[in-house]
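What follows is the residue order along each chain.
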Number of protein chains: 2
Amino acid sequence: MPARHPRLDPLADRYAARTHGMKSSEIRALFSVVSRPEVVSLAGGMPAVTALPLDAVGSMIGELVSGMGAQTLQYGSGQGDPRLRERICDVMALEGITDASPSEVVVTVGSQQALDLVTRVFCDPGDVILAEAPSYVGALGVFQAAQARVQHVAMDDDGLVPEALEDALVECRARGDKVKFLYTIPNFHNPAGITLTEERRAKVMEIADRYDLLVVEDNPYGLLGFDREPMRALRARDAERVIYLGSFSKTFSPGLRVGWVLAPLAVREKLVLATEAQVLCPPSLTQYAVARYLDTQPWQQQIKTFIELYRERRDATLESLAALMPPGTTWTRPDGGFYVWLKLPDGLDAKLMQPRAVSAHVAYVPGIGFYADGQGKEYMRLSYCYPEPDQIREGVRRLARVVEAELDLHTTFGAVDTGRFRAVRPATPQVPAVEPITGPASSDQVGDQP
Amino acid sequence: MPARHPRLDPLADRYAARTHGMKSSEIRALFSVVSRPEVVSLAGGMPAVTALPLDAVGSMIGELVSGMGAQTLQYGSGQGDPRLRERICDVMALEGITDASPSEVVVTVGSQQALDLVTRVFCDPGDVILAEAPSYVGALGVFQAAQARVQHVAMDDDGLVPEALEDALVECRARGDKVKFLYTIPNFHNPAGITLTEERRAKVMEIADRYDLLVVEDNPYGLLGFDREPMRALRARDAERVIYLGSFSKTFSPGLRVGWVLAPLAVREKLVLATEAQVLCPPSLTQYAVARYLDTQPWQQQIKTFIELYRERRDATLESLAALMPPGTTWTRPDGGFYVWLKLPDGLDAKLMQPRAVSAHVAYVPGIGFYADGQGKEYMRLSYCYPEPDQIREGVRRLARVVEAELDLHTTFGAVDTGRFRAVRPATPQVPAVEPITGPASSDQVGDQP
């Protein structure tokens, strides 16, 4: 019998092809570090769930079990609870989707599972998915697991660039690529913090129509705008061409893992079969909890509470960045959602700088994780959703000092050598934390996500 | 723009190869029928959750939200809550697995997701999986979604036949097949109701060793034995060669969807990456609920309560079958779990007989769903877990009458014509329900599973 903890994996030659490409995401890899109390984490995308009325939610869920245990503790349908699917249609109406039927909705274990299902239903190995540059790291993980290829499409302050989308489609067509869909996050983009303008929405859908392109619209943050009413979803413009992903993780609770996908009936049928093969059915208790929450609690008022809280944190972030960051640093100005996307001064590398930042007790997510092609070295994602404003200010102060020190180093030694130096010899006194950061995710740590 | 509800799926040519093979399972297809109140359903595998102390469980879960909302409503780690993984190791010790470490456990959305993850990590399209004949319908769905090929291995009253396993391995080797693992349910098999004997366990593991075969041990029912202490798991005999799947669906609640996989560390690492790509992390609330239940409630006593209840229902089933079934009908005698596997008299076909049974207000699952290769026409699965003993007796009475009538018909018209007659002309007055039965799963109905 082989040793219990072999140094070499005795099964190494037995895995599926898809398994060899799997690697820990930049975010997951940070866990063991950022969960230390002395570190201000601008890395994780954890919502501020303690702003919920926990006593009321607790009583509500307790009663669901005591009074309706025969349903809430039992298996449910693969497609999800019908009552919840009705309420999901009400929620989507807030973003202009007024023609959705509960029969077109599939409840999923977070919208992550929704994306995984859509990808499995559509993508064979080698198929192409178009996605913004940058894109959500968890989506890139799904696409990689499906052995799909990602072609990035440029975005600017107005969101996805329509001309770049068309160029990509022409290029793919010329190469004979099978483009299965465009994956896009139109509102308060993760990680870019950018929203697709009204004008661009029309253009993107016009191009989709012209090129017969399917669009997967991922919209976890759409109701979390700081300055205006929610924008009209892409799905509200085309019911056949857009598959819409939604989530209660940011408007209620991520720990319940309740998301959904809205798709034309023929696609929905495939998605139900796929989810039945994957999990049989989503948890009943969490579905009943969300439906009851929407039925009995002031959930729209609660979203306003979340918005105020995130707005204050966004303000703290932007004000501190403006006050403290050295010249040459730029960043996006989100008007909703959780994230600021920051570009370092020329020549700096966010991933190489990371050990120094952690030593200075501030954490972020390096930009390269948000690209499938190795771009993004000069970028980082800052999340303002979880820390209090004072922590945010302190975190940005620490980060600014690290960037300044990095700039000094860069000026003294030049970009390339500095980078190489630290990559080869990470264990200098100031940079002790390289291994936990770049190693596999420590799975005993508190999670994160989007 | 295409019509909203097109008769033809406009995306029909865009799906992945795996999607074309997906079809609704025999169980799912029954839902719309068996949920009618007048039908005695011996079809579904729903546990008797109302036997739980619902008030106590409700208070417990309510307090978890009110008092620990910051954890229970927040994202968790992809691998699952560390405290729960510790308690899972305690549970597995009841079946002789005393060397498991929480670091080798991954919490999943039911053991269905555990099997899906294992399959995705190991299987490329065309790879071979060995499985008992019959095997769990939900497992066959996972294997099909992975485009793996299933080779069945015969079982008898003592479980999987070792000689048949060896023959299958020799055959696969000769053909050059890549056999990725043996999938087996050693205890109170679904659907066969059979348990692998002690002697056979040793032989199966000896063969696995000799052929360097990985074994996936699926054990949702192991603690639900009526007559004796739980048997020693295959995993207790070999920690490197066996990947073990467990579930709280039958010992606590299926509506929480908490299962797990225990695997060697190198495999576990792949499984964590795969589950992160699929769902990010399992729901926090349901994991805390199970851990707290194990910590504070008399869960082993509760399992005894379940056992008494299921034993009584098993007895009602076996007594009624013995008293009422016409000669030529045979069935297994389970000493635990949920299922009896029944073989019809020669020439009868359980699937063709199904519309008549539903007309007579009794439902079962036709055997062919439990085979990947079209075998099993003469078999059916009867579940005694959910209906009360009186309902079971009435259900078996109705079923016996249907079988007798079917036998008469068979004697009069001969096997083949009878079958063809009903398959071609299903809408006779006695057989009105063919379409809902054989159509896609109606997703508005209450679910089922294993």
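Here the structure is a predicted model, which is why all the values come from computation and not from measurement.

A separate point is unusual backbone geometry. That bond from Asn190 of chain A to Pro191 of chain A is cis: its omega, 10°, falls within 30 degrees of zero. Positionally, Pro191 of chain A belongs in the loop between strand S6 (179-184) and helix H8 (198-210). With omega at 5°, the peptide bond leading from Ala133 of chain B into Pro134 of chain B counts as cis. Assignment of secondary structure puts Pro134 of chain B in the loop between strand S3 (128-133) and helix H6 (137-145). Look at Phe188 of chain B: it is not a glycine, yet its phi comes out positive at around 50°.

At the interface, 104 residues of chain B touch 104 residues of chain A. Taken together, the two surfaces of chain B and chain A that pack against each other cover about 8,600 Å², and 58% of this comes from carbon and sulfur. The tally of links from chain B across to chain A stands at four salt bridges. Between Asp116 of chain A and Arg120 of chain B there is a salt bridge, with the nearest N and O atoms lying 3.1 Å from each other. The tally of links between chain B and chain A comes to 37 residue pairs in polar contact (both at pLDDT 80 or more). Of all elements in the fold, only helix H1 (17-20), helix H3 (54-72), helix H4 (82-93), helix H5 (110-122), H6, helix H9 (265-279) and helix H10 (284-296) of chain B reach the threshold of two or more residues within the side of chain B that touches chain A. Sort the elements by how many residues they give to the side of chain B that touches chain A and H3 of chain B lands first, with 12 residues. When the residues that make up the side of chain B that touches chain A are grouped by side-chain class, the tally is 49 nonpolar, 30 polar and 25 charged.

Attention now moves to the nonpolar core. Within the largest apolar cluster, 150 residues are counted, with the highest numbers of intra-cluster contacts made by Met92 and Phe248 of chain A together with Met92 and Phe248 of chain B. Apart from residues lying up to four places away in sequence, Phe248 of chain B is in contact with Leu84, Ile88, Val91, Ser253, Val258, Trp260, Val290 and Leu294 of chain B.

Turning our attention to helix H10 (residues 284-296) of chain A. Residues and elements named next belong to chain A. Its 13 residues place the ends of H10 18 Å apart at the C-alpha level, agreeing with the 18 Å of an ideal helix rising 1.5 Å per residue. Of all 13 residues in H10, 10 are buried; the element is thus mostly enclosed. Along H10, the residues that are buried comprise Ser284, Leu285, Thr286, Gln287, Tyr288, Ala289, Val290, Ala291, Tyr293 and Leu294.

All names here are of chain B. Taking strand neighbours across the sheet as the criterion, the eight strands line up as S2-S9-S8-S7-S6-S3-S4-S5 in an open arrangement whose pairing is mixed. This sheet does not close on itself; its edge strands, each paired only once, are strand S2 (105-109) and strand S5 (159-160). Summarising the sheet, S3 and strand S4 (residues 149-156) pair through six bridges and their orientation is parallel. Residue Glu132 lies in a different strand from S4, and its bridge partner there is Val153.

Another point: the pattern of salt bridges. On inspection of all chains with the given rule, the structure shows 57 salt bridges over all chains. The salt bridge partner of Asp227 of chain A is Arg311 of chain A, with a shortest N-O separation of 3.5 Å. Taken as a pair, Asp227 of chain A in the loop between strand S7 (215-218) and strand S8 (242-247) and Arg311 of chain A in helix H11 (residues 299-324) lie far apart in primary sequence, 84 residues in all. Three or more residues are tied together by salt bridges with common partners; here these are Arg14 of chain A together with Asp209, Asp212, Asp238 and Arg241 of chain B.

Turning our attention to the sheet that holds strand S11 (residues 339-343) of chain A. Think of a sheet as strands paired side by side through backbone hydrogen bonds, with each pair either parallel or antiparallel. Residue and element names in this part refer to chain A. Taken in spatial order, the four strands make up an open sheet running S10-S11-S14-S13, and their pairing is antiparallel. Strand pairing shows two members of the sheet lacking a second neighbour, strand S10 (330-331) and strand S13 (365-366), which therefore form its edges. Strand contacts of H11: S10, S11 and strand S14 (379-383), with the helix running at about 15° to S11, the strand carrying the most contacts.

Residue position: Lys270 of chain A is located in helix H9 (residues 265-279). The side chain of Lys270 of chain A is buried and forms no salt bridge, while Glu269 of chain A, the nearest opposite charge, is found at 5.4 Å. Setting aside its immediate chain neighbours within four residues, Lys270 of chain A contacts Val121 of chain A together with Tyr15, Thr19 and Met22 of chain B.

The rules we used
- Residues numbered from 1 in each chain as written.
- Chains lettered and ligands numbered in written order.
- Predicted model: local features only at pLDDT ≥ 70, side-chain atom pairs only at ≥ 80, totals over all residues.
- Heavy atoms only, no water.
- Helix = DSSP H or I, 4+ residues; strand = E, 2+ residues; numbered from the N terminus.
- Contact = heavy atoms within 4.5 Å.
- Buried area = accessible area lost by both parts, 1.4 Å probe.
- Salt bridge = Lys/Arg side-chain N within 4 Å of Asp/Glu carboxyl O.
- Polar contact = N/O pair within 3.5 Å; in protein donor to acceptor, adjacent residues only side chain to side chain.
- Nonpolar A, V, L, I, M, F, W, Y, C, P; charged D, E, K, R; others polar.
- Core = buried A, V, L, I, M, F, W, Y, C linked by side-chain atoms within 4.5 Å.
- Buried < 20%, exposed > 50% of the residue type's maximum accessible area, 1.4 Å probe, protein only.
- Expected span 1.5 Å × (residues − 1).
- Pairing = 2+ DSSP bridges.
- Axes fitted to C-alpha atoms, helices over the stretch in contact; angles between N-to-C directions.
- Lys, Arg positive; Asp, Glu negative; His and termini not counted.

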